[in-house]
Amino acid sequence: MIPIGPIVLAVALAVRAVNARSGNGPPAAVVPTSRGTTSVWSDPHLGGTVGLQFLLWLAFIPAVILSFDVNGGVAPVAVAVSLLLSVPLFPWWWTRNVFVPRGLPRLAYFASMLSRVTWRRDKPGGPLLAAAWALSRQRVPSAKLVAKYEARLEKQFDALHASSVVAKGLFAAMAGKRDEARRWMESVFLFDPRIAIRPVRRLATEWLLADASARGEWRRVVTLASSRQAPWSPMLALARLLARRQLGESVAPWRLWLGWVAAPRRLRTFRFVRQTARKEIAPKAAVEAPVAAASSADPLRAALSAQWAAVGATTPAKLLEAARTWEAVLADGSLRQRCTARVVDLGGVDSGAAADELGAAVRDFFTPHAQACREARPHEPLPEVLSAALSSRRDALFSELEERMDRLTTRKGQNRIYPMIEEWREVLALRSVYLELCAVSTFAERPLAHGIISNELVNYGAWLFNQHKEKPVANAIFRMLELEAVSVGDAKSAELNRENAACGL
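Please read these numbers as outputs of a predicted model, since none were measured by experiment.

Caption draft 1: Local environment of the overall build of the protein. If you tally the helices and strands in the protein, you get 24 helices and 0 strands. In the protein, which comprises 505 residues, the share counted as buried stands at 43%. Intrachain contacts of the protein at a sequence separation of at least 6 include 65% that bridge at least 24 residues.

Here you go:
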């Protein structure tokens, strides 16, 4: 008879001795600051985990052996016991391959809670991610379960991990908030890889790839699939090949089919792979030909016609055509006279305000599209209307960035902290404004935008780290600030944030 009790006790004592020798004993706090431990050997529950796994294997192996009787048949009871024991032995395998594809969120959540390998230091974030993933696979996600698990996610006050961020992104996507979901998913790569573990980064990457493919953003698909932060997978390799062929690169059809065979979900991707392999795709021109302004006997009517065409198809070419037409109209002195005469005909008194309001309305129309036009024609001077729209948008973004930063600083001074998923939402909103501001600014203006956030965000991250023990989010903030400091050439800020990021998780 095997002495199970002494063996389990010996394993637990050995693990405890290793922990004591390495100086990584159980944490003093009741709740670990980062929802677990950084290394396996510093896990205070490792002994119990090893003992439980040992007991399960002792029961699992005989059950598998007894599943096949001596006459070559199958013992149903032994098979059932083997399957039942395999769930706590391989919980993430069951979740990933059985419960999630079949849209079973309750079982996905329960099985993930049993995981002491994949989600050893990330609960309830990992199980909530599994439940959200299973719900996203349902044809119509259960509103009751979505509300239940999302409420549980929103109420977390423990250290936020990347798994909770991806779960929040999936919930946003199920609610039809694609832009918000995209922002959540992209933020995963700001976390340390020990927090954003491989399954989390892989799920976020594949969601972003599917989203970019659905919108036809093939250049972005190639960028995502080529990123060093994105863990390699057969689906990622197939997406990269498909995107390269869509962009006109010489990717042989046999390579597409080889990638399709290696990737999962072959039935779903078969039709698109076949269409892409058969389609002859010519490479797009690097720079579009200049567009001439429309000619008309009435310049104002021509400008309105060009703008209407741009509303129907907001391509850079159409927008540039409308901008050039409006530039000629607004520069013509007769426009002010026509506006004045029209106001007088309507019984009012005009002092030039109508023409100014028309110009402001035109700039407002072009403001959301000005940056796209500049990116499409980087070597051409923009029409004055688009330049004014960019300047107006830049000023508004500077004001919004300062306002958001002030609100965050004021709340920090009052020591008011939200649930961590809300704190991270505030950081992402601030980062979104900052990135857009950098996009519409010149390279010389970027240090000014960086100066608005650098010191205050460092202090905010230190506040989260020191006072609230929210180390994963603080670490992500420091890593983000380090990248931005390097991009603007601020060596002192980059060094400070690099040292802060090394303080631990």
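Past the structure itself, the notes keep going.
Caption draft 2: Inspection of the confidence of the model for the protein at higher detail. Here the protein averages 76 in pLDDT, while 68% of its residues score no lower than 70. In this model, residues 18–33 is a region of pLDDT below 50 whose contacts with residues beyond four sequence positions or in other chains number 16 contacts. Long-range and interchain partners of residues 284–297, a stretch whose pLDDT sits below 50, account for 17 contacts in this model, where long-range means more than four residues apart.

Caption draft 3: Looking closely at unusual backbone geometry. Of note, the phi angle at R265 is positive, near 55 degrees, even though the residue is not glycine. Mapping R265 onto the fold places it in the loop between α13 (253–262) and α14 (266–278). On the accessibility criterion, R265 (35% relative accessible area) is partly exposed. For K469, which is not a glycine, the phi torsion comes out positive at approximately 55 degrees. For K469, the location among the structural elements is in the loop between α22 (446–466) and α23 (471–488).

Caption draft 4: Layout of helix α7 (residues 143–154). Taking 1.5 Å of rise per residue, 12 residues should cover 16 Å, and α7 covers 16 Å from first to last C-alpha, within 8% of that figure. Those residues of α7 not exposed but buried are L145, V146, Y149, L153 and E154. For α7, the angular spread of buried residues about the axis comes to 160 degrees, placing them on one side. Along α7, the residues that are exposed and aim more than 90 degrees away from the buried face are A143 and K144. Buried residues along α7 sit in contact with α5 (105–113), α6 (125–136), α8 (162–174) and α21 (420–440).

Caption draft 5: The arrangement of the environment of L247 in detail. Structurally, L247 is set in the loop between α12 (234–246) and α13. Classification of L247 as buried rests on a relative accessible area of 17%. Each C-alpha atom of the pair L247 and V222 lies 9.6 Å from the other, and the pair is 25 residues apart in sequence.

Caption draft 6: Layout of the nonpolar core. Counting residues in each nonpolar core, the largest one holds 92 residues, and the members touching the most others are V166, L170, F191, W424, L457 and I477. Residue contributions to this core peak at 11 residues, all from α21. Those residues in contact with F191 that lie beyond four places of it in its chain are L160, A162, V165, A196, W424, P472, V473, A476 and R479. By size, the runner-up hydrophobic cluster in this structure holds 10 residues, among which are M235, L238, W260 and V273.

Caption draft 7: The arrangement of the environment of S493 in detail. As for its position among the elements, S493 is in helix α24 (residues 491–501). With 42 residues separating them in the primary sequence, S493 and G451 have C-alpha atoms 9.9 Å apart. For S493, the residues in contact, after removing those within four places along its chain, are H450, S454 and A485.

Caption draft 8: Focus on a positive patch on the surface. A surface patch of positive charge is lined by R106, K144, K148 and R152. Summarising the element assignment, R152 is placed in helix α7.

Caption draft 9: Just the pattern of salt bridges, in detail. Counted according to the given criterion, the structure contains 24 salt bridges. Salt-bridge contacts for E206 lead to R265; the nearest nitrogen and oxygen are separated by 3.8 Å. One end of the pair, E206, is in helix α10 (residues 198–214); the other, R265, is in the loop between α13 and α14, with 59 residues separating them in the sequence. You can call E206 buried: its relative accessible area is 18%. Salt bridges here are not isolated pairs; linked through shared partners, they connect E150, E154, K168, E180, E422 and R425.

Caption draft 10: The packing of aromatic side chains, seen in detail. Taken as a whole, this structure holds 11 aromatic pairs when the rule is applied. A centroid spacing of 5.4 Å and a plane angle of 40 degrees characterise the contact between Y109 and Y149, whose relative ring orientation is tilted. Here the residue Y109 occupies a position in helix α5, and Y149 occupies one in helix α7, the gap between them amounting to 40 residues. We note that Y109, like Y149, is buried. Aromatic rings pair up to connect W92, W119 and W133 into one cluster. In this structure, R411 is placed above the aromatic ring of Y418, and the distance from its NZ or CZ to the ring centre is 4.1 Å.

Caption draft 11: Representation of the side chain of E423 in the model. Among the secondary structure elements, E423 is positioned in helix α21. Judged by relative accessible area, which is 0%, E423 ranks as buried.

Caption draft 12: Spatial organisation of a nonpolar patch on the surface. On the surface, W57, I61, I65, F90 and W93 cluster together into a nonpolar patch covering about 510 Å² of accessible area. Per-element accounting of the nonpolar patch gives the leading share, 3 residues, to helix α2 (residues 46–66). Mapped onto the secondary structure, I65 falls in helix α2.

Caption draft 13: Highlighting the packing of α22 against α24. Across the interface, α22 lies against α24 with an axial gap of 12 Å and an inter-helix angle of 30 degrees. Between α22 and α24, the angle is such that the two are roughly parallel. Here α22 and α24 pass one another in a crossing that is left-handed. Along its contact with α22, which presents H450, S454 and V458, the element α24 presents S493, L496, N497 and N500. Considering only residue class, the contact of α22 with α24 consists of 2 nonpolar, 5 polar and no charged.

Caption draft 14: Focus on the environment of G103. Inspection of the secondary structure puts G103 in the loop between α4 (91–99) and α5. For G103, a relative accessible area of 9% puts it in the buried group. Taking the C-alpha atoms as reference points, G103 and R137, 34 residues apart in sequence, are found 5.2 Å from one another. Not counting residues up to four positions away in its chain, the partners in contact with G103 are A134, R137 and Q138.

Reading the values: rules and limits
- Residues numbered from 1 in each chain as written.
- Predicted model: local features only at pLDDT ≥ 70, side-chain atom pairs only at ≥ 80, totals over all residues.
- Heavy atoms only, no water.
- Helix = DSSP H or I, 4+ residues; strand = E, 2+ residues; numbered from the N terminus.
- Buried < 20%, exposed > 50% of the residue type's maximum accessible area, 1.4 Å probe, protein only.
- Contact = heavy atoms within 4.5 Å.
- pLDDT = per-residue confidence, 0-100.
- Expected span 1.5 Å × (residues − 1).
- Arc of directions from axis to C-beta.
- Core = buried A, V, L, I, M, F, W, Y, C linked by side-chain atoms within 4.5 Å.
- Patch = residues over 30% accessible without salt bridge, like charges linked within 9 Å, V, L, I, M, F, W, Y side chains within 5 Å.
- Areas by Shrake-Rupley, 256 points an atom, 1.4 Å probe, with all protein chains shown as cover.
- Salt bridge = Lys/Arg side-chain N within 4 Å of Asp/Glu carboxyl O.
- Lys, Arg positive; Asp, Glu negative; His and termini not counted.
- Charge placed at Lys NZ, Arg CZ, Asp CG, Glu CD.
- Phe/Tyr/Trp six-rings, centres within 6.5 Å; stacked < 30°, edge-to-face > 60°.
- Lys NZ or Arg CZ within 6 Å of the ring centre and 35° of its normal.
- Axes fitted to C-alpha atoms, helices over the stretch in contact; angles between N-to-C directions.
- Parallel < 35°, antiparallel > 145°, perpendicular 65-115°, else oblique.
- Left-handed = near helix turned anticlockwise from the far one by under 90°.
- Nonpolar A, V, L, I, M, F, W, Y, C, P; charged D, E, K, R; others polar.

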